[in-house]
Amino acid sequence: NAAELRSFFETQGVLTQSTVDSELFLHLISHSKRQSQLDQIFDAMTQAEGAFSVVIMTENFLCAVRDPNGFRPLCLGRMNGRGPNGTDGYVVASETCSLDLCKATYVR
């Protein structure tokens, strides 16, 4: 529904800088009425239709989202002891072969 969303934002006077669909996610997030940043992201994703995978990094967290049907894959990997202060670190990739390159263990 990218064309529909783009048209809606244009009628609201929102200027888009590109034809890239990911820009629409940013506008959906910034126009959300939810309080927390995470809730704003989830709110935006519920308004998107079709196939997508999105990874958003904020100052406080990394959020990975895929479309409800899972058409665009995302996989999660764990990097034992390679996070802050020796905790486990996590990586998100579109293919499991990417996890091998950074020596991460496939989680899901």
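Refer to the structure printed above.
The sections below set out a description of the structure shown in this document. (Residues numbered from 1 in each chain as written. Predicted model: local features only at pLDDT ≥ 70, side-chain atom pairs only at ≥ 80, totals over all residues. Heavy atoms only, no water.)

With respect to the packing of helix H1 (residues 2–11) against helix H2 (residues 21–30)
Direction vectors running N to C along H1 and H2 enclose 50°, while the axes themselves pass 10 Å from each other. Comparing their axes, H2 and H1 come out oblique. Like other packed secondary-structure pairs, H1 and H2 cross with a definite hand, here left-handed. For the pair H1 and H2, contact is made by Ala2, Leu5, Arg6 and Phe9 and by Asp21, Leu24, His27 and Leu28, respectively. (Axes fitted to C-alpha atoms, helices over the stretch in contact; angles between N-to-C directions. Helix = DSSP H or I, 4+ residues; strand = E, 2+ residues; numbered from the N terminus. Parallel < 35°, antiparallel > 145°, perpendicular 65-115°, else oblique. Left-handed = near helix turned anticlockwise from the far one by under 90°. Contact = heavy atoms within 4.5 Å.)

Focus on the packing of aromatic side chains
Per the counting criterion, the structure on display carries two aromatic pairs. Arranged with centres 5.3 Å apart and planes meeting at 55°, the rings of Phe25 and Phe52 form a pair that is tilted. Remark: Phe52 occurs in the loop between helix H3 (37–47) and strand S1 (53–57) and Phe25 occurs in helix H2; sequence separation between them is 27 residues. The pair Phe25 / Phe52 is uniform in exposure class, with both members buried. (Phe/Tyr/Trp six-rings, centres within 6.5 Å; stacked < 30°, edge-to-face > 60°. Buried < 20%, exposed > 50% of the residue type's maximum accessible area, 1.4 Å probe, protein only.)

Some words on the layout of surface pockets
Taken as a whole, the largest pocket encloses approximately 290 Å³ of empty space. Lining of the largest pocket is provided by Leu62, Cys63, Ala64, Val65, Arg66, Leu74, Cys75, Leu76, Val92 and Arg108. Of all the secondary structure elements, the ones that give two or more residues to the lining of the largest pocket are strand S2 (62–66) and strand S3 (75–79). It is S2 that contributes the most residues to the lining of the largest pocket, five residues altogether. Of the residues contributing to the lining of the largest pocket, the split by class is eight nonpolar, no polar and two charged. Approximately 170 Å³ is the volume found for the second largest pocket. As for the second largest pocket, its lining consists of Asn1, Ala2, Leu5, Asp21, Leu24, Phe25, Leu28, Ala48, Glu49, Gly50, Ala51 and Phe52. Of all elements in the fold, only H1 and H2 reach the threshold of two or more residues within the lining of the second largest pocket. It is H2 that provides the largest number of residues to the lining of the second largest pocket, a total of four residues. Of the residues belonging to the lining of the second largest pocket, the class tally is eight nonpolar, two polar and two charged. (1 Å grid on protein atoms, 1.4 Å probe; cavity = no way out; pocket = protein on both sides within 12 Å on 5 of 7 lines; lining within 4 Å. Points joined across faces, edges and corners; volume = space filled by probe spheres on them. Nonpolar A, V, L, I, M, F, W, Y, C, P; charged D, E, K, R; others polar.)

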